[in-house]
Amino acid sequence: MREIPIKTQAREEMVDITREVASAVAESGVKNGMCHLNCLHTTAGITVNENADPDVKADILMALRNIVQDGWPYAHAEGNSPAHVKSSIIGASLAIPVSGGRLVLGTWQGIIFCEFDGPRSRRVTVTVVGA
Ligand code: ZN
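What you are looking at is a predicted structure, and each value in this text was computed from that prediction instead of being measured.

*Asks:* Looking at this model, I keep getting lost on the overall build of the chain. Mind explaining?
*Replies:* Counting its secondary structure elements, the chain contains three helices and eight strands. Of the regular secondary structure in the chain, the N- to C-terminal order runs β-β-α-β-β-α-α-β-β-β-β. The dimensions of the chain, computed from C-alpha atoms along their principal axes, are 50 × 30 × 25 Å. The 131 residues of the chain split such that 41% are buried. Partitioning the contacts of the chain with sequence separation of at least 6, the portion at a separation of at least 24 is 82%. Carbon together with sulfur atoms contributes 52% to the accessible area of the chain, which is approximately 7,000 Å² in total. Taking the average location of the 12 positive side-chain charges in the chain and that of its 14 negative ones, the two points are 6 Å from each other.

*Asks:* What's the story with the pattern of salt bridges in this structure? I'm lost.
*Replies:* Any two side chains of opposite charge can pair, so long as their charged atoms come close to each other. Applying the stated rule across the entire model yields six salt bridges. Lys86 serves as the salt-bridge partner of Glu12, at 2.6 Å between the closest nitrogen and oxygen. Of this pair, Glu12 sits in the loop between strand E1 (2-7) and strand E2 (13-16) while Lys86 sits in helix H3 (residues 81-90); the two residues are 74 residues apart in sequence, bridging distant segments of the chain. For Glu12, a relative accessible area of 16% corresponds to the buried category. Taking the relative accessible area as the measure of exposure, Lys86 reaches 2% and is therefore buried. Note that Arg120 is salt-bridged to Asp117, the shortest N-O span being 2.6 Å. Here Arg120 falls in the partly exposed class, since its relative accessible area comes to 34%.

*Asks:* Is there a simple way to explain the coordination of the zinc ion in this structure?
*Replies:* Coordination angles at a metal have ideal targets, namely 109.5 degrees for four tetrahedral donors and 90 or 180 degrees for six octahedral donors. Around the zinc ion, the donor atoms from the protein are His76 (NE2), Glu78 (OE), Asn80 (OD1) and His84 (NE2), and they sit 1.9 to 2.2 Å away. The coordination sphere of the zinc ion comprises four donor atoms, whose angles at the metal cover 92 to 150°; the geometry is irregular. Counting along the primary sequence, the residues that act as donors to the zinc ion give the motif H-x1-E-x1-N-x3-H.

*Asks:* Would you explain helix H1 (residues 18-28) in this entry?
*Replies:* For an α-helix the count is 3.6 residues per turn, leaving residues at separations of three or four pointing the same way. Taken as a whole, H1 has its buried residues at Thr18, Val21, Ala24 and Val25. What you see down the axis of H1 is that its buried residues fit within an arc of 125°, all on one side. Exposed residues on H1 whose side chains face more than 90 degrees from its buried face are Arg19, Ala26 and Glu27. Once H1 ends, the next one or two residues include Gly29, with phi positive near 80°.

*Asks:* Would you explain the sheet that holds strand E3 (residues 33-39) in this entry?
*Replies:* The strands that make up a sheet pair up through hydrogen bonds in the backbone, lying either parallel or antiparallel. Read across the open sheet, the five strands follow the order E1-E8-E3-E5-E6; overall the sheet is antiparallel. Edge positions in the sheet fall to E1 and strand E6 (102-103), since each has one partner strand and no second. Bridge count for E3 against strand E5 (residues 93-99) is six bridges, and the pairing is antiparallel. Considered in E5, the bridge of Asn38 is made with Ser93. Strands E1, E3, E5, E6 and strand E8 (121-130) of the sheet are contacted by H1, whose axis makes an angle of about 160° with E1.

About the criteria used
Residues numbered from 1 in each chain as written. Predicted model: local features only at pLDDT ≥ 70, side-chain atom pairs only at ≥ 80, totals over all residues. Heavy atoms only, no water. Helix = DSSP H or I, 4+ residues; strand = E, 2+ residues; numbered from the N terminus. Buried < 20%, exposed > 50% of the residue type's maximum accessible area, 1.4 Å probe, protein only. Contact = heavy atoms within 4.5 Å. Areas by Shrake-Rupley, 256 points an atom, 1.4 Å probe, with all protein chains shown as cover. Lys, Arg positive; Asp, Glu negative; His and termini not counted. Charge placed at Lys NZ, Arg CZ, Asp CG, Glu CD. Salt bridge = Lys/Arg side-chain N within 4 Å of Asp/Glu carboxyl O. Donors = N, O, S within 2.8 Å, 3.2 Å for Na, K, Ca; no water. Tetrahedral: all angles 85-135°; square planar, octahedral: opposite > 155°, others 65-115°. Arc of directions from axis to C-beta. Pairing = 2+ DSSP bridges. Axes fitted to C-alpha atoms, helices over the stretch in contact; angles between N-to-C directions.

Now the structure itself:
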């Protein structure tokens with residue numbers, strides 16, 4: 001298992017980690033199998049989506065802000081409940097196939113770390129299993 005450290009710079013941010021994950025897959029030596037990613041945090045998530053147009057990342061954050069609004073009567077005393085809810089909507093883990101030592105992703109797909117309560121130091125684990 002490997003770990004990707006991520007230093008986020010803003011309260012909400014979408015960080016492309018595709019290159020770091022691809023490096024971890026290459027270092028694992030696994031040619032064919034599965035790459036599992038796990039976000040070790042309750043106010044962040046990971047997703048696969050478009051990497052080409054940065055507006056897509058901004059639109060996802062905008063949509064989530066409208067789905068999960070800041071002004072609701074949340075109970076959680078830490079005051080960051082919207083970030084917790086967004087984390088659960090996006091999800092904390094991904095599994096991506098590995099073929100020929102490379103991640104199997106579509107042309108426009110990238111792996112995106114989603115920060116909802118930054119800036120913080122974050123970690124994503126990468127577990128590559130051969131099949
Ligand atoms: Zn909290």
